[in-house]
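# Summary of structural features
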Amino acid sequence: MFDYIYIYRSGGMGDVLWLEPVLNELSKKNKKVFLYTNFYKLFNNYPNKNVVVKKIPYGLFRAYLKLLNLISIKKKYHRLDGYCYEAFPKMHILHAYQTYFSLPIENIYPKLFLSQKEKNDFLITSKNYVVFHLEPNAKLNFRKVYGINWEEIIVYLNSLKFDVIIVGTDVQEIVGAKIFKGNIRQLIQVIYNCKFFMGVDSGPSHIAASLQIPSIIFFGAVNPLYRHFDKIFKGEILQQPCEYAGCYHEVVGGAGQTCKLVGDSGIPKCSIHSNEILIEKINSVIKNYQINV
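The structure contained in this document is the topic of the report that follows. (Residues numbered from 1 in each chain as written. Predicted model: local features only at pLDDT ≥ 70, side-chain atom pairs only at ≥ 80, totals over all residues. Heavy atoms only, no water.)

## So, the overall build of the protein
Under the convention used in this document: Starting at the N terminus, helices and strands are each numbered in turn, a helix being any DSSP run of H or I of at least four residues and a strand any DSSP run of E of at least two. Based on C-alpha atoms, the radius of gyration is set beside the globule rule, defined as 2.2 Å times the residue count to the power 0.38. Here, residues are in contact when the closest pair of their heavy atoms is within 4.5 Å. Where accessible areas are quoted, they stem from the Shrake-Rupley method and a 1.4 Å probe; at the residue level, only the protein chains shown are allowed to cover. Residues scored as positive are Lys and Arg, those scored as negative are Asp and Glu, and His as well as the terminal groups of each chain are ignored. For the purpose of locating charges, the reference atoms are NZ of Lys, CZ of Arg, CG of Asp and CD of Glu.
The secondary structure content of the protein amounts to nine helices and ten strands. Its C-alpha atoms give the protein a radius of gyration of 20 Å, within 12% of the compact-globule value 19 Å for 293 residues. In terms of overall dimensions, the protein has a C-alpha envelope of 65 × 50 × 35 Å along the principal axes. Long-range contacts, defined as pairs at least 24 residues apart, comprise 65% of the intrachain contacts of the protein with a sequence gap of at least 6. When the accessible area of the protein is evaluated, it comes to approximately 14,200 Å², of which 52% is carbon and sulfur surface. Of the charged side chains in the protein, 35 are positive and 23 negative, and the gap between their average positions amounts to 10 Å.

## Some thoughts on the side chain of H228
Counting through the fold element by element, H228 comes out in the loop between β9 (215-218) and β10 (235-238). Beyond its immediate stretch of four places on either side in the chain, H228 contacts H92, Y109, S205, H206, A209, I217, F219 and F233.

## Focus on the nonpolar core
Using the following cut-off: The criterion is simple. A nonpolar core is a set of buried Ala, Val, Leu, Ile, Met, Phe, Trp, Tyr and Cys residues joined through side-chain atoms within 4.5 Å. Relative accessibility decides the category of a residue: with a 1.4 Å probe and only protein chains considered, values under 20% of the type maximum give buried, values over 50% give exposed, and everything between is partly exposed.
With 56 residues, the main nonpolar core has L23, L42, I191 and I207 as its most contacted residues. No other element matches the five residues that helix α7 (residues 184-192) contributes to this core. Among residues more than four places away in sequence, those in contact with I207 are M13, L17, L42, L112, L187, I188 and I191.

## Notes on the sheet that holds β10
Backbone-to-backbone hydrogen bonds pair the strands of a sheet. The strands run either parallel or antiparallel. Defined as follows: Pairing between two strands requires that DSSP report at least two bridges joining them. Axis lines are fitted to C-alpha atoms, over the contacting stretch for helices. Their N-to-C directions set the angle, which ranges from 0 to 180 degrees.
Judged by pairing direction, the sheet is parallel, and its six strands sit side by side in the order β7-β6-β5-β8-β9-β10 without closing on themselves. The two strands at the open ends of the sheet, each matched to only one other strand, are β7 (178-180) and β10. On average, each strand axis in the sheet is inclined to that of its neighbour by 20°, with strand direction left out of account. With four bridges joining them, β9 and β10 adopt parallel strand pairing. Residue pairing in the sheet places F218 in a bridge with L238 of β10. Running over the sheet, helix α8 (residues 203-210) touches β5 (129-133), β8 (196-200) and β9 and is turned about 150° from β8. Sheet strands in contact with helix α9 (residues 275-288) are β8, β9 and β10, and its direction is about 165° off that of β10.

## Regarding the pattern of salt bridges
Charged atoms that come close allow side chains of opposite charge to pair. Worth spelling out the cut-off: Throughout this description, the term salt bridge denotes a Lys or Arg side-chain nitrogen within 4 Å of a carboxyl oxygen of Asp or Glu.
All chains considered together, the criterion is met by eleven salt bridges. The partner of D15 in a salt bridge is R9, and the shortest N-O contact between them spans 3.6 Å. R9 shares its class with D15; the two are buried. Note that D170 and K139 form a salt bridge whose closest N and O atoms lie 3.2 Å from each other. One end of the pair, D170, is in the loop between β6 (163-167) and β7; the other, K139, is in the loop between β5 and α6 (150-159), and 31 residues separate them in sequence. The class for D170 is partly exposed, based on a relative accessible area of 36%. Ionic contacts of the salt-bridge type, sharing partners, join the residues R9, D15, D81 and E86 into one network.

## Examining the pairing of β6
Basically, it comes down to this: A clockwise path from the first strand over the helix to the second, with the strands pointing away from the viewer, defines a right-handed crossover.
The buried fraction of β6 is high, at four of five residues. Two elements, β5 and β6, share four bridges in a ladder whose sense is parallel. Paired with F132 across the two strands is I166, which belongs to β6. Crossover connection from β5 via α6 to parallel β6: handedness right-handed. Across three bridges, β6 lies against β7 in parallel orientation. Its bridge partner being in β7, I165 is matched across the sheet by K178.

## A short note on unusual backbone geometry
With omega at -5°, the peptide bond leading from G11 into G12 counts as cis. Relative to the elements of secondary structure, G12 occurs in the loop between β1 (2-8) and α1 (13-17). In the Ramachandran plot, K161 falls in the positive-phi region, its phi being about 75° despite a non-glycine side chain. Here K161 shows up in the loop between α6 and β6.

Set out below in structure tokens:
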């Protein structure tokens, strides 16, 4: 057993969230586990008292952590940016972390912990709403959604008595939907209380899946089996066939593969969807997970 272990993972939101099962396991083997990240608020209310999650420290302290590795018998400071799933792209994010720390390989989702106040405080006045997150932080064509008329989808959801809430940092207004902007904890609250989630492969989508919220998630060049566990994922994956399916994972480093068919500026065929197929998925989620208004 080590006395202390220090982990640095700056982002993104989903990548950091997937560290939760790892922190849980490491807390059983170490007196104290420190995680430094831009998304430290994901771990508010964390029950393991020997796990400490903080914002990224100043440079001098990081230099001290590096020095620890030089004077320690075993490595204590682990900077994960670029060294886990980015280095082993044909592996699930969690499995890459587990492999790095020599932990058992498990198929489990991260846990999020809401306070009772967060569970009870409804930030959205509607009791029957769907959360959309449509704009990926990575502005890459194979991470976007093409071919959907979102106004028509919102009209359809409204006809089923659902309101639509759009979340994100770069939100585009769509007629019939309301925009919600808040901090990470408020985002978790809004997703926690929604009927189901719909959006791109993103931090919010991983929050929804971790909260066991039924979800419809759009994928392009990324292989969804390296982001979710199909046997325990609640929802539907939307990804169109392509002869180069999963090409994102052909490149080491996390940037992904430029689309072999249309380059960086065209519309990848794996990302072109239709209202008809999406409505089928919506109806499937409502039926399979007995979502009532």
